[in-house]
Amino acid sequence: MSAFVDIGALEDVPVQGARVVRTAQGCIAVFRTLDDRVFALEDRCPHKGGPLSEGMVHGDRVTCPLHAWAFDMNTGQAQGADEGAVRTYPVRVRNGRILISAELMARRAA
Amino acid sequence: MRKKLVVIGAGMASGRMLEQLFETAPDAYDVTLFNAEPRGNYNRLMLSPVLSGEKTYDQIVTHDGGWYAAHGVDCRFGEPVVQIDRKARVVRSNKSAAEYDALVIATGSAPFIIPVAGRDLPGVVTYRDLEDTEAMIAAGIAGKDAVVIGGGLLGLEAAAGMAARGARVTVIHLMGHLMERQLDPAAGYLLERDLERRGIKVHCKGATKAILGHDRAEAVLLEDGTVYPADLVCMAVGIRPETRLAVDAHLEVERGIVVDDALRSSDPHIFALGECVEHRGQLFGLVAPLYDQAKVLAKTLLDQAAEFQPVQTATKLKVTGCDLFSAGDFAEGQGREDIVFRDPGRGIYKRLVLEGDRIIGVVMYGDTSDGSWFYGLMKDKADISDMRETLIFGPAYQGGTTPDPMAAVAALPPEAEICGCNGVCKGTITAAVQAGATTLDLVRARTKASGSCGTCTGLVQQVMALSLGGALVDAPAGMCKCSDHSHEDVRRLIRSLALKSIPAVMQELGWKSAGGCPSCRPALNFYLLAEWPLDYRDDRQSRFVNERNHANIQKDGTYSVVPRMWGGVTTPDELRAIADAADKYNVPMVKVTGGQRIDLLGVRKEDLPHIWADLNAAGLVSGHAYSKGLRTVKTCVGSEFCRFGTQDSTGLGIRLEKLLWGSWTPHKVKLGVSGCPRNCAEATCKDVGVICVDSGYQISVAGAAGMEVKETEALASTPSEDEAVQIITAFVQLYRENARYLDRPYKWVAKVGLDWVKAQIADVENRRALVERFELSQSVYRRDPWAELSTPTETPKWAPLADLTLEAAE
């Protein structure tokens, strides 16, 4: 099983909003849904690089703030007519704390 | 020789466990029972009927002294246990001791007390046991003010109980809707509505800051500044497992006492059950799993194999008149589908969450009679694909009709206003139809309904269709895929049904999605704040990025910052402050905008609150260059310096900007004020333009200079600057109240007709009322968002949540 690191409290992420985590592999957007589920996605839209963390969260989807591409946060797949995907990362909540995959502590292998 | 069993805690779980044990093997153990409370076991689920006065303590006792005596239990009631000696296998209380071969810890849970000032004042109680309940009854709460902190199951039962005893009750809940663990926002809204109808005030998104009072509790202060008077404050924010004895005895404890499937702790002679345990990372608060644990532990104690397998349980609220049911997992997710049924007229909401032809979650409100049927299908993992089409209608109703999109209109009372321009109510239209007005033109001719601005046409047609019993012809398109109602209908129904929250709109108007989409949410947020400026609280997460962050996002994810320059006038000090800020935050580009101000482009998000604070310190505020609201008032120098100027156009521009700034509108609003007909401020392609002439002020509206270019059209002329300001304010408010979200004024005026707009503004009484409503709204919104978002508590929220690159470097 892969290890997890604590990145903050669930309460620090607004409901239907996101916060950014800076990692050696780039910025990760950590989302919180209306029903308190948490997702971690690469914070970069494959279309024009928009920060998904600033998108509107609706259900388990997020819509990019720049050109309104929508992504399923479970898979990172673009929805509708758009084609593309963002990376998703393992994340979980335990005792009100958000834990993210410890792999993000390290640089991506070259 | 019989083995010795010691039990700590005489609650519902241990009571049931002893019952099971005595039933199967009455002679297996000599039992000693310690209990801190001076009594045996009673049904805690029934505390709320005791609180409300429907039941007495004697009626809720399940195991009294006689029962324990009949089974030979050595009861040590009123003796809190102080130590477990695992080496000697002895339990010690404050008075006595008992040896054990097997020990059961069933200490339950303790109420969580939020650490705010005043929590120790007399009059602050919890709601957990009979003592708490009796304290609330003894306080004599009839006619007094009570505040319940916590809108979960327990808090709401406490609130209903106190209300039944005649208290004025307010419930303060931290989250966006009540019982958020069990309900989705739609069901939470219905619950809130029913509680308010029963006289219980509900304040969601309320964080308690302090309990005020000198010798005893007098009021509760919230973070947002609201104060509720409170003779009694009941904290019901949650529970935590009572694990102190286990911790002291060095048993393995996480959030609760860790037990395995046989309910054995890390010591093979010690067991635990109930609310104090943690099993596979999970805690337990509802009674059903506790009774399952009791059964398993009784077997374990008799050396029979048994495993505790938690099952999903259903929740019902024990408050009369609030009928809700919740079970399973109702989160949205990949491969999951919703079936939603709403009947706005009867206040019914049902939602089934499906995954792979199986029900995995149920939320119901208003009519829960099919709850156990759905729950059964869910527990049995039944394949529902055959009855999917009619599933939501329940077992008795296969082959039902689809929900009626006109239900909201049908539910309107006859006196509900349909046409605002001409003051025509639903009853008048119905009467006209019954008297033979069967076409829209006839209805218009006889009642004037939809005869002026025409935006209520869709609603008038729906009322007609209801009276005629026929189908709707040429219904306007719904505002998005979530709703069949047009924007105009939604606005009007928000008003006539007094809907004051997004979940309220979605429920009462039969939204087809569970929580809306990026298209309808920003529109609803605007309609609600425009209609109910004092009641509605802005939903930041329903705004697009620029309005949420009060800055304009750029293609690289940085932001631009534009401070307000009233009427385009600035000072050397302001310019110095802007220059200093540009240097300090390494702003890559400083640009003069088309709206006569200065744009700082390329600011990083985490720097926004800092640059705002620096600009605020020099007296600069947000220019709202990002908002669907007042942008700029462009001016020329006017009579103060210009040899052609006829009036003080600069002064009028500044006056208008100071009046209108901060207001939210359906789309952006730009003004221009020129001091003479040479029109150096290009006022005639703005949303509102003023041309000053010798005789006064010519006001024109509905210009455009974007994708479309359009000259403004004359609205009114006046010799008085004061009157010019009133006319413009009234026009902006008329636009706020009537236009569809994302229609610029020129689009809206084209739809309703300039003549209608002129008539509304020309009527002096109407104009004054519009100005008054604008002022009321501005009493809330005429403030600087930058100042509010750059406080010490807000500033950290703009930075990344964590920086793992730093930790990796260490």
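Within each chain, residues carry numbers counting from 1 in the order of the written sequence. Whichever chain is written first is A, and whichever ligand is written first is 1; the rest continue in order. Given that this is a predicted model, residues contribute local features only at a pLDDT of at least 70 and side-chain atom pairs are listed and counted only at 80 or more, while totals for whole chains, interfaces and linings are drawn from all residues. The basis for every side-chain value is the complete set of heavy atoms in the structure, and neither hydrogens nor water enter the calculation.

Novice: Now, about the sheet that holds strand β35 (residues 669-674) of chain B: what can you tell me, with residues and values included?
Specialist: The pairing of strands in a sheet happens through backbone hydrogen bonds and is either parallel or antiparallel. Residues and elements named next belong to chain B. If you walk across this open sheet you meet the five strands as β34-β35-β36-β37-β40, and the pairing is mixed. Looking at the sheet topology across the chains shown, the edges are occupied by β34 (630-635) and β40 (713-718). Across the sheet, the mean angle separating the axes of adjacent strands is 15 degrees when strand polarity is ignored. Pairing of β35 with strand β36 (residues 688-693) involves four bridges; the strand directions are parallel. Residue pairing across strands places Leu671 opposite Val688, the latter belonging to β36. Strands qualify as paired when DSSP identifies two bridges or more between them. Strands here are runs of E lasting at least two residues and helices are runs of H or I lasting at least four, both read from the DSSP assignment and numbered beginning at the N terminus. For helices, the fitted line uses only the C-alpha atoms of the stretch in contact; every axis is such a line through C-alpha atoms, and the angle between N-to-C directions lies from 0 to 180 degrees.

Novice: Explain the UniProt feature "binding site: [4Fe-4S] cluster" (unreviewed entry) in chain B to me, and be specific about the residues and the numbers.
Specialist: All names here are of chain B. The residues that UniProt annotates with the feature "binding site: [4Fe-4S] cluster" (unreviewed entry) are Cys636, Cys642, Cys676 and Cys680. Across 45 residues in sequence, these annotated residues keep their C-alpha atoms within 11.0 Å of one another, forming a single compact spot. Looking at the secondary structure, you find Cys636 in the loop between β34 and α21 (649-660). Only protein chains enter the accessibility calculation, which uses a 1.4 Å probe; a residue is then buried when its area is under 20% of its type maximum, exposed when over 50%, and partly exposed in between. A relative accessible area of 16% places Cys636 in the buried class. Only heavy atoms enter the contact rule, under which two residues are in contact if any of them lie within 4.5 Å. If near-sequence neighbours (up to four positions away) are discounted, Cys636 is found in contact with Ser649, Thr650, Val673, Ser674, Gly675, Cys680 and Ala681. Here Cys680 lies in the loop between β35 and β36. Residues within four places of Cys680 in sequence aside, it is in contact with Cys636 and Ser674. UniProt positions are given in the numbering used here, feature names are shortened, and annotations may be inferred rather than shown by experiment.

Novice: Any chance you could break down the interface of chain A and chain B for me, citing the residues and the numbers?
Specialist: Counting residues at the interface gives 39 residues for chain A, matched by 41 residues for chain B. Buried area between chain A and chain B, both sides added, is near 3,100 Å², and the carbon and sulfur share of it is 56%. What counts as a salt bridge is simple: a side-chain nitrogen of Lys or Arg found within 4 Å of a carboxyl oxygen of Asp or Glu. At the junction of chain A with chain B, the criterion picks out five salt bridges. Of the charged contacts in the structure, one is a salt bridge between Arg22 of chain A and Glu606 of chain B, with a shortest N-O distance of 2.5 Å. Pairing of N or O atoms within 3.5 Å defines a polar contact, subject to two protein rules: one partner must be a possible hydrogen donor and the other a possible acceptor, and residues neighboring in sequence count only if both atoms are side-chain atoms. Along the contact surface separating chain A from chain B lie 13 residue pairs in polar contact (both at pLDDT 80 or more). Elements represented by at least two residues in the side of chain A that touches chain B include exactly β1 (4-9), β2 (17-23) and β5 (56-58) of chain A. Top contributing element to the side of chain A that touches chain B by residue count: β2 of chain A, with six residues. Joining two parts hides part of their accessible area as seen by a 1.4 Å probe, and the buried area is that hidden amount summed over both.

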